[in-house]
Amino acid sequence: ADLPAGRDFVDGLATMLVNRDPADLEGVAVHLYRAERSMERRLFVDADGELLILPQSGTLHLFTELGRLDVAPGSVALIPRGVKFKVAVDGPSSGYVAENFGAPFPLPELGPIGANGLANPRDFESPVAAYED
């Protein structure tokens, strides 16, 4: 997809797929993003659903109401519904955003293999408290 160059995170978002209407509180939308500069004096909030952000290239620095997260390619960030955030980038970045309109994502259970499961607390990161002067 041809996304506009020189725009920040919000302006470089292109919707590729939508399944159901957000008003139904079911379904998903998939977007592509490309950002060449950080968001300044702007915030983004999604009142329709939660966002899964999957960077393909470039690290994203997410500043949320809950703290700061650094999300590199190979990682996934989850921004809950209604949480305000802004995005800072070190250089050109691109990736995917999945917007979930349905029930919130639960933390996975440890499952039948117990402590050797795929959902150990060490596999999850939470925002680091931060402030701006």
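Everything numeric here is computed off the predicted structure, so don't read it as measured data. (Residues numbered from 1 in each chain as written. Predicted model: local features only at pLDDT ≥ 70, side-chain atom pairs only at ≥ 80, totals over all residues. Heavy atoms only, no water.)

**Student:** Got a minute to help me understand the overall build of the chain in this structure?
**Tutor:** A count of helices and strands for the chain gives zero helices and eight strands. The buried share among the 133 residues of the chain stands at 35%. Intrachain contacts of the chain at a sequence separation of at least 6 include 66% that bridge at least 24 residues. Total accessible area on the chain stands at roughly 8400 Å², and carbon and sulfur atoms take up 54% of it. (Helix = DSSP H or I, 4+ residues; strand = E, 2+ residues; numbered from the N terminus. Buried < 20%, exposed > 50% of the residue type's maximum accessible area, 1.4 Å probe, protein only. Contact = heavy atoms within 4.5 Å. Areas by Shrake-Rupley, 256 points an atom, 1.4 Å probe, with all protein chains shown as cover.)

**Student:** How should I be thinking about the sheet that holds strand S6 (residues 77-79) in this particular structure?
**Tutor:** Strand pairing in a sheet takes place through backbone hydrogen bonds and is either antiparallel or parallel in direction. One open sheet accounts for five strands, arranged S1-S2-S8-S3-S6; its pairing is antiparallel. The open sheet has two free edges, formed respectively by strand S1 (13-19) and S6, since each of these has just one partner strand. The average undirected angle you get between the axes of adjacent strands in this sheet is 20 degrees. Strand direction decides the pairing type here: strand S3 (residues 50-57) and strand S8 (residues 93-100), joined by seven bridges, are antiparallel. (Pairing = 2+ DSSP bridges. Axes fitted to C-alpha atoms, helices over the stretch in contact; angles between N-to-C directions.)

**Student:** What exactly am I supposed to notice about the nonpolar core here?
**Tutor:** Buried together is how nonpolar side chains tend to be arranged in soluble globular proteins. By size, the foremost hydrophobic cluster in this structure holds 17 residues, and its most contacted members are Leu 51, Ile 53, Leu 60, Leu 62, Ile 79, Phe 85 and Val 87. Broken down by secondary-structure element, the contributors of at least two residues to this core are strand S2 (28-35), S3, strand S4 (60-64), strand S5 (67-71), S6 and strand S7 (85-89). At three residues, S7 tops the list of elements feeding residues into this core. (Core = buried A, V, L, I, M, F, W, Y, C linked by side-chain atoms within 4.5 Å.)

**Student:** Could you clarify how one ought to interpret the sheet that holds S5 in this entry?
**Tutor:** Judged by pairing direction, the sheet is antiparallel, and its three strands sit side by side in the order S5-S4-S7 without closing on themselves. Edge positions in the sheet fall to S5 and S7, since each has one partner strand and no second. The sheet shows a mean angle of 20 degrees between the axes of neighbouring strands, taken without regard to direction. Examined bridge by bridge, S4 and S5 share five bridges and lie antiparallel to one another. Bridge assignment links Leu 62 to a residue of S5, and that residue is Leu 69.

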